[in-house]
Amino acid sequence: MLKKSMDILDVYAWISASKDKLLECFVDNAYFSKSKWMLKLRCKNTGTPYLIVQPGARINLSHTEPSSKTIDNFTRLLRSRLRDSRIIEVTMPRWERIIEFEVEKHGEKTRNIVELLPRGLWVVTDPDYKIIYANKLAEYRDREIKPRLPYMPPPSKGVSPSDNSLAASLIQGKDLVRALVFNWGLPGHIAEEIIYRGGLFSRKNDNPKTLASSDVEALISSYKQLANEASRGKGYLVLQEENPQLFTAYYPVLFKEEYGFEVKELESIDEAIDIYFTRLELSLELAEKQSKMKAKLDSLNERIQRQKEIISNYQRQLDEISNTLSSIYIYFTDISSALDCARKTREEQGWEYIVKNCPGIINIHKDKGEAELSVGGRTITLSIRIPLEKQIIELEKIKGEVKRKVDTALNSLKEIEKEYDATKMELDKLSASKMISVKPRSWYEKFHWLFTRNGFLVVGGRDASQNEAIVKKYLRDKDIFLHAEIHGGSAAVLLTNGKEPSQSDIEDAALIPACYSKAWKTGMGFIEVFWTMGSSVSLSPPSGEYLPKGAIMVYGKKNYLKTPLRLGLGLDVVCDEIYGTYYRIFISPPEIVKDKSIAYAILEPGDEAVQEVASEIASYFTKTLEDLHGFSVSISPAEITGFLPGKSVIRLIRRGDKRVECKE
């Protein structure tokens, strides 16, 4: 899931939709459930909903009965102050994720300040903002949250759509996205939506200082448009395979049009929040269960190893006794004679003469009354004080006892292994239900794309319409156009941005038109790819002729490359200050994919079905993420299939050389 807390537009939408309907509602009771508090309300027009307050995350109305309810110390305070009170005011004091609602009980008023910022506070104060209590008492760098102190809000970071400083603050950013994130105080997904609606999505990484005044106005206008949509109080869910990935207070055009997610419109922002957090709680519960099961598996594995060590020790003891008995039975006469000799020599001459006088005895232990004998190439130790027959009986008894210990230990091992297998099976079932998080996507990811060894972006069409679009929208005179010498395939553009690519960069770029052509499906080993300057390419046919959709005219010189049909598919981990840590799958020339990835596969045309190849790669990539980064995600084969040109064979799949360590 992309976010775990309401953003500024969600808060604005919720206030717009809820401030009137909450007035005159009474608080019947207060409860605590998991990480949230709930006020059970009694309202004239909306029945008896719960007002759910989860500081640092959300505030919303829900008609869903919680699965469990309890009370804690803060709940007791809420009951004493809020139960039987009437809500008389709900406000958003400033353009920040802070909500205030005031209640009145027997003429006494109490303010409730809910901060949905990362620190997550619910502060209860008197009408003059003197703190009575809070869900947590703390001392921060900029303020203290303690009883009897005046409540001080945190420093404001948000800039409202009507603020006159929007244009000036925008140009101070490092790039367009970060300018909106850090200078306007917006989360990444809203920043990208504004940029997309402003028609500047392909320039989101540009320096804001390069924007024309009309572009700045377009961004401000888009921001105002989003706020206006949010004021209507509707909610939207962004879905991937029916799983909510994001909720918004505006129609998420970017996720629908650019990223291709399903968008579901709901009657209210409350409903969107409720559905999203219900699924999020289930996801967190799943993660918690998985964590406990993994801990249990680790504990069981330790027990298994200890049990195996116990069995090994018993088995060594049993083998030693069995070998000793075997030697005694085979060499009984010789051993008996040697022990008789030892006893006689001890009585007549003393211990020190036993080894010299008695064949087969190589050492003695006077303190224990034992002798070491060499028989049949083995050394055994026996008592010279106890008759050999009695020693045999005692050894057989000990052998039986050790054998029973071995059997008992083996049965215990089987039981532990059985429990381990059952737990592992249960964990595997849970793992199969993991949801894949939304990752930030760039404009070029709707095409075939790659970065060359020197960092040039190459985009290629997935069909005739996209072939035409990349030429029409992105190809410039100094860019390089590439296409395979075969009918039907991907047209590709190497975007130079005014720089000079090397011959190796052009060869890297040829991978897209070569591999995503009919040549792959026919099983060819290589294909001729031509390249030419963008100035030589046109979508216009010669005078009097007709050009089919997707067809492109080349009027200049063609340069040819003999390009092998070998495709590198890599897995990378990205550390992003806005979106956090996420993984990315990409294509690359086989020669360089190893250096750019934490795991990779090399593909060639083959006979294996796309789904089978995708499943094998997805499984390996998932295991690599778990082993190297501890990611509890399951990469779906569907994420791989879009990169595969057709039936293939995996020539190589292994760990890459890249290592990534993201800071928490």
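Here the structure is a predicted model, which means the values were calculated and not measured.

**Student:** Residues and numbers for the overall build of the chain, please.
**Tutor:** Looking only at helices and strands, the chain has 18 helices and 29 strands in total. Expected size for 664 residues packed as a compact globule is a radius of gyration near 26 Å; at 38 Å, the chain overshoots this value by more than 25%. Along the first, second and third principal axes, the C-alpha set of the chain runs to 120 × 90 × 40 Å. When the 664 residues of the chain are sorted by exposure, 49% land in the buried category. Accessible area for the chain stands at about 32400 Å²; split by element, carbon and sulfur atoms hold 48% of it. With 96 positive and 93 negative side-chain charges, the chain shows a separation of 2 Å between the mean positions of the two kinds.

**Student:** I'd like to hear about the packing of aromatic side chains, residue by residue, with values.
**Tutor:** Per the counting criterion, the structure on display carries 23 aromatic pairs. Between the aromatic rings of Trp-37 and Trp-122, the centroid separation amounts to 6.5 Å while the plane-to-plane angle is 80 degrees, which identifies the pairing as edge-to-face. One end of the pair, Trp-37, is in strand S2 (residues 36-42); the other, Trp-122, is in strand S8 (residues 121-125), with 85 residues separating them in the sequence. Each member of the pair Trp-37 and Trp-122 is classed as buried. Aromatic ring contacts, followed pair by pair, group Phe-32, Trp-37, Phe-74, Phe-101, Trp-122 and Tyr-133 into a single cluster. Above the ring of Tyr-31, the side-chain terminus of Lys-69 is found at 4.2 Å from the ring centroid. The positively charged end of Arg-79 is found above the aromatic ring belonging to Tyr-31, 5.3 Å away from the centroid.

**Student:** Which residues make up the environment of Pro-118, and what values do they have?
**Tutor:** With respect to the element layout, Pro-118 can be found in the loop between strand S7 (108-115) and S8. Sequence separation between Pro-118 and Ala-57 is 61 residues, and the spatial gap between their C-alpha atoms is 7.8 Å.

**Student:** Outline the sheet that holds strand S13 (residues 243-248), listing residues and values.
**Tutor:** Hydrogen bonds along the backbone pair up the strands of a sheet, which may run parallel or antiparallel. Strand order in the open sheet formed by 3 strands is S13-S12-S14, with antiparallel pairing between adjacent strands. With partners counted over all chains shown, the strands left at the sheet margins are S13 and strand S14 (262-266), one partner each. The mean angle between the axes of side-by-side strands here comes to 30 degrees, regardless of whether they run parallel or antiparallel. In the sheet, strand S12 (residues 235-240) pairs with S13 via 5 bridges, with the strands oriented antiparallel. The residue of S13 that forms the bridge with Val-238 is Leu-246.

**Student:** Any chance you could break down helix H5 (residues 188-197) for me, citing the residues and the numbers?
**Tutor:** Among the 10 residues in H5, 9 count as buried, and that is most of the element. Along H5, the residues that are buried comprise Gly-188, His-189, Ile-190, Ala-191, Glu-192, Glu-193, Ile-194, Ile-195 and Tyr-196. Those residues of H5 that are buried are in contact with helix H1 (8-22), helix H4 (176-183), helix H6 (213-230), S13 and helix H7 (253-258). Looking one or two residues beyond H5, the residue adopting positive phi is Gly-199, at roughly 75 degrees.

**Student:** Before we move on, could you go through the sheet that holds strand S15 (residues 361-365) and cite the residues and values that matter?
**Tutor:** As summarised here, the arrangement of the 3 strands in space is S15-S16-S17, forming an open sheet in which the pairing is antiparallel. Each edge of the open sheet is held by one strand with a lone partner, namely S15 and strand S17 (378-383). Put simply, the sheet's adjacent strands are angled 25 degrees from each other on average, direction ignored.

**Student:** Give a description of the side chain of Gln-466 that names residues and reports values.
**Tutor:** Here Gln-466 is to be found in helix H12 (residues 464-473). Among the polar contacts made by the side chain of Gln-466, one reaches the main-chain carbonyl oxygen of Lys-446 at a distance of 3.1 Å. Sequence-distant contacts of Gln-466, that is, excluding residues within four places in its chain, are made with Lys-446, Phe-447, Gly-460 and Gly-461.

**Student:** Give me the lowdown on the packing of H1 against H6, citing residues and values where you can.
**Tutor:** It is the contact of H1 with H6, at a shortest axis distance of 8 Å, that shows an interaxial angle of 40 degrees. The angle between H1 and H6 places the two elements in the oblique class. Facing H1, whose interface residues are Leu-9, Tyr-12 and Ala-13, H6 presents Leu-226, Ala-227 and Ala-230.

**Student:** A description of the state of the cysteines should follow, citing residues and the corresponding values.
**Tutor:** Applying the stated criterion across every chain, the model contains 2 disulfides. Here Cys-25 connects covalently by a disulfide to Cys-43, the sulfurs 2.0 Å from one another. Residues Cys-25 and Cys-43 are joined through a disulfide that is right-handed, its torsion about the S-S bond being 120 degrees. In this pair, Cys-25 sits in the loop between H1 and strand S1 (26-33) while Cys-43 sits in the loop between S2 and strand S3 (50-54), placing the two residues 18 residues apart along the sequence.

**Student:** Residue-level account of the nonpolar core, with values.
**Tutor:** Trp-14, Leu-39, Trp-122, Phe-481, Leu-482 and Ile-640 are the most contacted members of the largest nonpolar core, which totals 149 residues. Ranked by size, the runner-up nonpolar core spans 24 residues in total, among them Ile-321, Ile-354, Leu-373 and Ile-384.

**Student:** Run through the confidence of the model for the chain, naming residues and quoting values.
**Tutor:** Of the residues in the chain, 94% reach a pLDDT of 70 or more, and the chain-wide mean stands at 90. Low pLDDT (under 50) marks residues 433-438, which in the prediction has 23 contacts with non-local residues, meaning those over four places away or in another chain.

**Student:** So, the pattern of salt bridges: which residues are in play, and what are the values?
**Tutor:** This structure, assessed with the given rule, holds 34 salt bridges. Across the pair Glu-193 and Arg-197 runs a salt bridge whose closest N-O atoms are separated by 2.8 Å. Here Glu-193 and its partner Arg-197 are both found in helix H5, 4 residues apart, which amounts to about one turn of the helix. Two residues, Arg-203 and Asp-206, come together in a salt bridge whose shortest N-O distance is 3.0 Å. A relative accessible area of 28% means that Asp-206 is categorised as partly exposed. One continuous salt-bridge network, built from bridges that share partners, spans Glu-24, Arg-86 and Glu-104.

**Student:** Report on a negative patch on the surface, specifying residues and quantitative values.
**Tutor:** Among the surface-exposed residues, Asp-607, Glu-608, Glu-612 and Glu-616 lie close enough to one another that they form a single negatively charged patch. Broken down by secondary-structure element, the contributors of at least two residues to the negative patch are strand S28 (599-608) and helix H17 (610-629). If you trace the backbone, Asp-607 turns up in strand S28.

**Student:** Could you give an account of unusual backbone geometry, with specific residues and numbers?
**Tutor:** Non-glycine residue Arg-148 carries a positive phi angle of around 75 degrees. With respect to the helices and strands, Arg-148 occurs in the loop between strand S11 (144-145) and helix H3 (166-170).

**Student:** For the pairing of strand S16 (residues 370-375), give the residues involved together with the corresponding values.
**Tutor:** The pairing of S15 with S16 spans 4 bridges and is antiparallel. When the sheet's bridge partners are listed, Asn-363 is paired in S16 with Glu-372. Two successive antiparallel strands, S15 and S16, enclose a turn made up of 4 residues, where Gly-369 displays a positive phi of approximately 70 degrees.

The rules behind each value
- Residues numbered from 1 in each chain as written.
- Predicted model: local features only at pLDDT ≥ 70, side-chain atom pairs only at ≥ 80, totals over all residues.
- Heavy atoms only, no water.
- Helix = DSSP H or I, 4+ residues; strand = E, 2+ residues; numbered from the N terminus.
- Rg over C-alpha atoms; globule rule 2.2 N^0.38 Å.
- Buried < 20%, exposed > 50% of the residue type's maximum accessible area, 1.4 Å probe, protein only.
- Areas by Shrake-Rupley, 256 points an atom, 1.4 Å probe, with all protein chains shown as cover.
- Lys, Arg positive; Asp, Glu negative; His and termini not counted.
- Charge placed at Lys NZ, Arg CZ, Asp CG, Glu CD.
- Phe/Tyr/Trp six-rings, centres within 6.5 Å; stacked < 30°, edge-to-face > 60°.
- Lys NZ or Arg CZ within 6 Å of the ring centre and 35° of its normal.
- Pairing = 2+ DSSP bridges.
- Axes fitted to C-alpha atoms, helices over the stretch in contact; angles between N-to-C directions.
- Contact = heavy atoms within 4.5 Å.
- Polar contact = N/O pair within 3.5 Å; in protein donor to acceptor, adjacent residues only side chain to side chain.
- Parallel < 35°, antiparallel > 145°, perpendicular 65-115°, else oblique.
- Disulfide = S-S within 2.5 Å.
- Core = buried A, V, L, I, M, F, W, Y, C linked by side-chain atoms within 4.5 Å.
- pLDDT = per-residue confidence, 0-100.
- Salt bridge = Lys/Arg side-chain N within 4 Å of Asp/Glu carboxyl O.
- Patch = residues over 30% accessible without salt bridge, like charges linked within 9 Å, V, L, I, M, F, W, Y side chains within 5 Å.

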